[in-house]
Amino acid sequence: EEREIFIRQNHNFSSQGLRVLAFAMTEHKDEVLDLEDEKDYIFIGLMAMVDPPREEVKDAIARANKAGIKTIMITGDQISIVQAWQERGQIVDMTGDGVNDAPALKQADIGVAMGITGTDVSKDAAAMVLADDNFATIVEAVSEGRTVYENIKRAIQFLLSGNLGGILTVLYAAIFALPNPFSALHLLFINLVTDSLPAIALAFEPSDESLMDSRPRKKNESIFAGGLIWKITMQGFLLSVVTTVAFLIGLKSADTKTAQTLAFTTLCLSRLAYGFYVRSNRPVLQVGLLTNKFMIGAVAAGVLLTVLVLTVPVISDIFEVTKLSADLVKYLFILPIIPLVVMEATKYFQKHTKF
């Protein structure tokens, strides 16, 4: 009966998440105790200990679950468990601090050791070490990782769409036996200024919490997955349309040099405006124009340098551009904005329409 009482109490403690230790004693002996002596002990009682999680852990686990990350508590000795998840095609992050955790930390796709309480063995076996021993930091690292990956995709989208716009414009001119829309210096300026500056600014795009609402991408998923190729193609085509229209307007109104100047400037300005669109899948006004000050600086610098090319005589001669009439300048306030307006309208349409 007493045995049943202790068993029930042990179960009661365990069901509350407590760590239970049983204490026992034996008669004192002069000789050293060995394994043969570990019998016939006198039971003393049970002691239950609580190791409460930090306050932020509950929210961190909820945030992880929302992001499609399953949290499981195991001991480092259970490396069969890590391997089992990997065999099911899952990416496993193992967190530990002891020597016994080292094999599982090594086996996991991402081993995370504790920087404060962790042993040297666990730190050496891990791929990442937490400086604050805080589980919430792991979830924050996931958020930062997703942000970095999205920013890389945005930069690729920006660069390829813009380059495709220029290529299609040149291809159109070649097919219809028209003069070359750009000179070599025009293309060099576009690559160094209107390409590079916004692309670099996209690397500083702040974390978007909506990224933690999606499930983890598949292990072997291409960076172009999710319709990125389609987006690049359609957006590049749209940039090409306004640039080609500007070129044709210039040819009809004046000469080849004027047409090249109008096409060059339109492509520069439309690409700079396009940088705001690529920042997020949400409308730019919802994201906020000032949330990425680097993009503001990149666009401002790009516009300023483009204006200098058009207005400073010495620079204009180098880049082989001509002064545009007031009648043609008005197109520079209309055409470059059209792609941004159309693309932003597409975002709104996709958000509020279910197919």
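Because the structure is predicted, anything quoted here is derived from the model rather than measured.

Peer 1: Please clarify how the pairing of strand β4 (residues 110-114) should be interpreted in this entry.
Peer 2: In the case of a regular strand, side chains alternate between the two sheet surfaces. Within β4, four of the five residues are buried, which leaves it mostly tucked inside the rest of the structure. The pairing of strand β3 (residues 93-96) with β4 spans four bridges and is classified as parallel. Bridge assignment links threonine 95 to a residue of β4, and that residue is valine 112. Taken together, β3, helix α4 (residues 102-107) and β4 form a β-α-β motif whose crossover is right-handed. Where β4 meets strand β5 (residues 128-130), three bridges bridge the pair, whose relative direction is parallel. Across the sheet, the residue bridging to valine 112 is methionine 128, located in β5. For the segment spanning β4, helix α5 (residues 120-125) and β5, crossover handedness is right-handed.

Peer 1: Explanation requested: the environment of phenylalanine 23 in the structure shown.
Peer 2: Topologically, phenylalanine 23 is positioned in strand β1 (residues 19-25). Phenylalanine 23 sits in the partly exposed class, given a relative accessible area of 39%. In the structure, phenylalanine 23 is positioned 16 residues away from isoleucine 7 in sequence and 14 Å away in space, judged by C-alpha atoms. Here phenylalanine 23 is in contact with Ile42, Phe43, Ile44, Gly45 and Met47, once residues within four sequence places are set aside.

Peer 1: Hey, could you run me through the packing of helix α6 (residues 135-175) against helix α9 (residues 256-278) in this one?
Peer 2: Geometrically, a packed helix pair is captured by the angle between its two axes and the distance between the axes. Here α6 crosses α9 at 155°, and the two axes come no closer than 10 Å. Relative to α9, α6 is oriented roughly antiparallel. Crossing hand, α6 versus α9: right-handed. Packed against α6, whose contacting residues are Arg154, Gln157, Phe158, Leu159, Ser161, Gly162, Asn163 and Gly166, the element α9 presents Leu267, Arg271, Tyr274, Gly275, Tyr277 and Val278 at the interface. Taken together, the residues that form the contact of α6 with α9 break down as six nonpolar, six polar and two charged.

Peer 1: In this structure, what is going on with helix α1 (residues 2-15)? I would like to understand it.
Peer 2: Because each turn of an α-helix spans 3.6 residues, side chains separated by three or four positions in sequence point in the same direction. In this model α1 runs 20 Å from its N-terminal to its C-terminal C-alpha over 14 residues, within 8% of the 20 Å that 1.5 Å per residue would give. Following α1 by one or two positions, glycine 17 adopts a phi angle in the positive range, close to 80°.

Peer 1: Whenever I open this one, the nonpolar core confuses me. Can you help?
Peer 2: For soluble globular proteins, the rule of thumb is that nonpolar side chains tend to be buried together. Phe158, Leu262, Tyr274, Tyr277, Val278 and Met295 are the most contacted members of the largest nonpolar core, which has 27 residues in total. Of all the elements in the fold, those that place two or more residues in this core are α7 (184-202), α8 (228-253), α9, α11 (293-311) and α14 (337-352). In terms of residue count, the dominant contributor to this core is α9 (eight residues). When residues no more than four places from it in sequence are discounted, the contact partners of tyrosine 274 are Gln157, Phe158, Ser161, Gln235, Leu239 and Met343. Core analysis: the second largest hydrophobic core is formed by 14 residues, Phe182, Phe264, Val309 and Phe319 among them.

Peer 1: Can you help me understand the packing of α6 against α7 in this one?
Peer 2: Relative to each other, α6 and α7 sit at 160°, their axes nearing to 8 Å. One way to sum up the angle between α6 and α7 is to call them roughly antiparallel. For the crossing formed where α6 meets α7, the hand is right-handed. Between α6, through Asn151, Arg154, Ala155, Phe158, Leu159 and Asn163, and α7, the contact on the second element is made entirely by Asn191, Thr194, Asp195, Pro198, Ala199 and Leu202. Residue composition of the contact of α6 with α7, grouped by class: six nonpolar, four polar and two charged.

Peer 1: Sorry if this is basic, but what is going on with the packing of aromatic side chains here?
Peer 2: Each aromatic ring pair is specified by the distance between its two centres and by the angle formed by the two planes. In the structure shown here, the tally under the stated rule is seven aromatic pairs. Between phenylalanine 6 and phenylalanine 43, the ring centres sit 4.4 Å apart and the planes meet at 65°, which makes this aromatic pair edge-to-face. Of this pair, phenylalanine 6 sits in helix α1 while phenylalanine 43 sits in strand β2 (residues 42-49), placing them 37 residues apart in sequence. Given the relative accessible area of 34%, phenylalanine 6 is considered partly exposed. With 5.5 Å between their ring centres and 85° between their planes, phenylalanine 189 and phenylalanine 319 make a pair best called edge-to-face.

Conventions adopted
Residues numbered from 1 in each chain as written. Predicted model: local features only at pLDDT ≥ 70, side-chain atom pairs only at ≥ 80, totals over all residues. Heavy atoms only, no water. Buried < 20%, exposed > 50% of the residue type's maximum accessible area, 1.4 Å probe, protein only. Helix = DSSP H or I, 4+ residues; strand = E, 2+ residues; numbered from the N terminus. Pairing = 2+ DSSP bridges. Right-handed = clockwise from strand over helix to strand, strands pointing away. Contact = heavy atoms within 4.5 Å. Axes fitted to C-alpha atoms, helices over the stretch in contact; angles between N-to-C directions. Parallel < 35°, antiparallel > 145°, perpendicular 65-115°, else oblique. Left-handed = near helix turned anticlockwise from the far one by under 90°. Nonpolar A, V, L, I, M, F, W, Y, C, P; charged D, E, K, R; others polar. Expected span 1.5 Å × (residues − 1). Core = buried A, V, L, I, M, F, W, Y, C linked by side-chain atoms within 4.5 Å. Phe/Tyr/Trp six-rings, centres within 6.5 Å; stacked < 30°, edge-to-face > 60°.

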